[in-house]
Amino acid sequence: AWLKNQASGFKGKDQFEKEVVRHVETTLARSMFNCDETAAYAATSLAFRDRLVIEWNRTQQRQTFADSKRVYYLSLEFLMGRALDNAMLNIGEKEVAKSGLSELGFRVEDIIQQEHDAALGNGGLGRLAACFLDSLASLNFPAWGYGLRYRYGIFKQEIIDGYQVEVPDYWLDFNPWEFPRHDVTVDIQFYGNVNKTTDDSGKVTAHWEGGETVRAVAYDVPIPGYATPSTNNLRLWSSQAASGEFDFQKFNSGDYESSVGDQQRAETISAVLYPNDNLDRGKELRLKQQYFWVAASLYDIVRRFKKSKRPWREFPDQVAIQLNDTHPTLAIVELQRILIDLEGLDWDDAWNIVQQTFSYTNHTVLPEALEKWSVGLVQHLLPRHLQIIYDINLFFLQMVERNFPKDREMLSRVSIIEESQPKMVRMAYLAIVGSHKVNGVAELHSDLIRTTIFKDFVTIFGPDKFVNVTNGITPRRWLHQANPGLSSLIASKAGDPEHYLKDLTLLNKIELSVNDPAFRKAWAEVKLANKQRLADYIKSTTGIVVSPKALFDVQVKRIHEYKRQQMNIFGVIFRYLKLKSMSPEERKKVLPRVSIFGGKAAPGYWMAKQIIHLINSVGSVVNNDPDIGDALKVIFLEDYNVSKAEIIIPASDISEHISTAGTEASGTSNMKFVLNGGLIIGTCDGANIEITREIGEENIFLFGNLAEDVDDLRHKNTYGDHKIDPSLDKVFNVIQSGTFGNAQDFQGMVSAVREHGDFYLVSDDFHSYLETQELVDKSYADQELWITKCITSVARMGFFSSDRCINEYAEEIWNVEPLQPDTNN
Ligand code: 26M
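What counts, and where the lines are drawn
- Residues numbered from 1 in each chain as written.
- Predicted model: local features only at pLDDT ≥ 70, side-chain atom pairs only at ≥ 80, totals over all residues.
- Heavy atoms only, no water.
- Patch = residues over 30% accessible without salt bridge, like charges linked within 9 Å, V, L, I, M, F, W, Y side chains within 5 Å.
- Areas by Shrake-Rupley, 256 points an atom, 1.4 Å probe, with all protein chains shown as cover.
- Salt bridge = Lys/Arg side-chain N within 4 Å of Asp/Glu carboxyl O.
- Lys, Arg positive; Asp, Glu negative; His and termini not counted.
- Charge placed at Lys NZ, Arg CZ, Asp CG, Glu CD.
- Helix = DSSP H or I, 4+ residues; strand = E, 2+ residues; numbered from the N terminus.
- Domains from an automatic or database assignment.
- Contact = heavy atoms within 4.5 Å.
- Buried area = accessible area lost by both parts, 1.4 Å probe.
- Polar contact = N/O pair within 3.5 Å; in protein donor to acceptor, adjacent residues only side chain to side chain.
- Nonpolar A, V, L, I, M, F, W, Y, C, P; charged D, E, K, R; others polar.
- Buried < 20%, exposed > 50% of the residue type's maximum accessible area, 1.4 Å probe, protein only.
- Pairing = 2+ DSSP bridges.
- Axes fitted to C-alpha atoms, helices over the stretch in contact; angles between N-to-C directions.

**Student:** Even after reading the chapter, I still don't get a negative patch on the surface, so can you show me in this structure?
**Tutor:** A grouping of E708, D709, D711 and D712 is seen on the molecular surface, where their side chains present a negatively charged patch. Structurally, the position occupied by E708 is in the loop between β24 (701-703) and α29 (710-719).

**Student:** Looking at this model, I keep getting lost on the pattern of salt bridges. Mind explaining?
**Tutor:** It is possible for side chains bearing opposite charge to pair when their charged atoms get close. Within this structure, the stated rule accounts for 55 salt bridges. Of the charged contacts in the structure, one is a salt bridge between D262 and R265, with a shortest N-O distance of 2.9 Å. Of the two residues, D262 and R265 both sit in helix α8 (residues 256-268), three residues apart, roughly one turn of that helix. Note that D803 and R476 form a salt bridge whose closest N and O atoms lie 2.8 Å from each other.

**Student:** I would appreciate a short explanation of the domain arrangement of the chain in the present structure.
**Tutor:** Bring the parts together and some accessible area is lost; that lost area is often taken as the interface size. Each assigned domain of the chain is listed here: domain 1 (67-82 + 117-393) and domain 2 (544-782). The straight-line distance from the C-alpha centre of domain 1 to that of domain 2 is 38 Å. Taken together, the 28 residues of domain 1 in the interface contact 28 residues of domain 2. Of the roughly 2200 Å² buried where domain 1 meets domain 2, counting both sides, 53% is carbon and sulfur surface. The largest contributions to the domain 1 side of the interface with domain 2 come from Q157, I159 and Q164, which together make up 23% of the buried area. Across the contact surface, domain 1 and domain 2 share one salt bridge. In this structure, K609 and E166 form a salt bridge, with 2.8 Å as the shortest nitrogen-oxygen distance. Taken together, the links from domain 1 to domain 2 amount to eleven residue pairs in polar contact (both at pLDDT 80 or more). Secondary structure elements with two or more residues in the side of domain 1 that touches domain 2: β2 (78-81), α6 (124-138), β5 (156-160) and β6 (163-167). The element contributing the most residues to the side of domain 1 that touches domain 2 is β5, with four residues. Class assignment of the residues belonging to the side of domain 1 that touches domain 2 gives a composition of nine nonpolar, nine polar and ten charged.

**Student:** I tried to follow the side chain of S617 on my own but got confused; where do I start?
**Tutor:** Looking at the secondary structure, you find S617 in helix α25 (residues 606-623). Residue S617 is classed as buried on the basis of its relative accessible area, which comes to 11%. For S617, the contacting residues outside a window of four places in its chain are F740 and F746.

**Student:** Explanation requested: the sheet that holds strand β22 (residues 654-657) in the structure shown.
**Tutor:** Consider a sheet: its strands pair through backbone hydrogen bonds, and that pairing is either parallel or antiparallel. Spatially, the six strands line up as an open sheet ordered β21-β20-β19-β22-β23-β24, and their pairing is parallel. Each edge of the sheet is formed by a strand with only one pairing partner; in this case those strands are β21 (632-637) and β24. When the angles between neighbouring strand axes are averaged without regard to direction, this sheet yields 20°. Where strand β23 (residues 679-683) lies against β24, three bridges are found, and the strand directions are parallel.

**Student:** Would you take a moment to explain the sheet that holds strand β15 (residues 417-418) for this structure?
**Tutor:** The strand order across the open sheet formed by three strands is β14-β16-β15, and the pairing between neighbours is antiparallel. Looking at the sheet topology across the chains shown, the edges are occupied by β14 (372-374) and β15. Note: β15 against strand β16 (residues 424-426), two bridges, orientation antiparallel. Looking across to β16, one finds that I417 is bridged to V425.

Listed below in structure tokens is the structure:
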């Protein structure tokens, strides 16, 4: 309750209770006698929301008054999860809520669980944006997030007969965390054509005319910082028909249907989140979403800047815009258009401002994920923008030609326009050319983009433009909120949560207690309790009973071939065969294991769906085999999301981060698992490498080929003689014998390895994967050593706080300073 003396804190539990009762009786118009958990959740949220609003307004006023530089984080995804628990903890009033609710007859945990996740994201990229908002507010940076208010977030996953089924996620029924701003709207233009006029001085101006207009309406979400009054804003745009567009003519003449049709077409823009992760499909509606969101956000940013009456050249001193992947790259073109077409600046002056304003984060090297839009589509939807893209490209290529006159090949390699059939706009190249900094998200990944996909651009712009900022996670949600038991145990050594959660390097203090028997015992108890909590959850959702004494082995993330869930399930099958070949006596001696999977497949990703089906089929065979009993259980947890991650991650003993080396840009769940006292088995990929450097290689189970060897191995697999690992071959033969159902159903996964060159090197890494899993079993048997590894690892994880990460962005990319709140008011 550090906010006690702030106007925004509750004055004790009595006031909190009064507020809850008031909301039940007035806002919800119900009687307290008929207040169920849903109503109690609603009223509690409204009571907390009232508290947030006070500091939110103050923070915005403070920022307006200070008029210092702001950060704008543009992301098509914000995977926020639940807000109530986070609000309680961040403003330090969870205890008040707990005792207040208990007097009203509720348990705070039950009330928190009533909330529907805000799931406006796919996976890592969207969750990273959410962690960044938490850190920006907690560190008092003046910062706004801008995104889309999808009516449907990521689909809900159901598993029916072992197959994934997608159910729409309509989440807006009751959302107390958003504030509609019907007075903050921007009309966005699409299609039409461009006319040029020349004035008396000979200056040519382009005019984008005609087409259709869709209205963007702002919805604001308060983002409270932890243990600070600072409360930032996340602005999400919703699309609706612009008043002039809704066809009253049709409506009046009785043609209601097509009049309503126009309205629906407008609303379609913000209707659904595209459920692809690391795959670009080039759909027109997706491009419409991108421009709609980018144009509305820039209009808003420019409007705010103009109020300060500063000259345009000061724009980059006031505004830093971070592009979360290439999805918002059109913002570069849009700002250039505003400056030259609407504000009358010269091209060069405008372009300088643009470049100093933007910076771009790359999250992937996978070629199928790098966005390209066909020139024809851009021309049709955004005719003026295509002209500007061509001009940007022309001036850029002229510069390249001047500086590298001998390298003719270079021009076609780096052109923003790919001269293919049809021609394509390469969005990553546009983002690089229009930004002053480009960053990767872990050291290996940043090295890879510098030496492979963006190599020419390093030559052209010099090495300083390309930097690394290793990802981070917010310890508020991913330790304190998800794992209160561990957080308070840590606090007993590292100091108040309010302290150590804001300077995560203080975790190193627990290393002094690594040999303290009482501390170690408490540590083991916390882990066991978290495993029991997950076992209960597994029982209630799947009916399967698992022992919390077993080794919990977890792989939860989006399903993708490069993440290699298939290797994991092949390994599980190998373990099953080995158990089957043992005598009952031998079997009793093995360490029981629970293999836990979770994750969604993109609806059109056939191979990913096959992987889910195999996991479930293996589960139904293994879990019902009387020979096996507790020695092995295979669980697929349905609908993995942020709130489920908060239960699963603290319960893990070992988690799998086993992507083909060089493919996973960073990974962020690897950090969450280690921070929660689990060890990891992983490849030398993404942030696993830096985790190893921080915690020590004796505390991690690394295996597999290195990124530098991947190209050669792939070449050998395709052109040389491709020998399958014998253990894997055995597994394949069992799958093909029909042990897990119709072999035909899994043929794609088998032939990808056997016949199609094994692009993800499953066979190449399988032997060392199995060996390393054996080492995991042996290590776990020595519980004393295991606990030492866990405590030591957690102690050394301070580096991976998203606060460190945001401070690096602020210093090296944005050049912004925190704005300290006045805490004496
Ligand atoms: C692209 C085009 C059309 C529709 C959707 C997309 C798209 C959506 C999400 C493409 C990629 C998307 O996300 C990629 C992602 O989540 N990347 C992950 O980013 C994390 C944060 O940096 C990293 O930790 C992960 O390694 C990386 O896979």
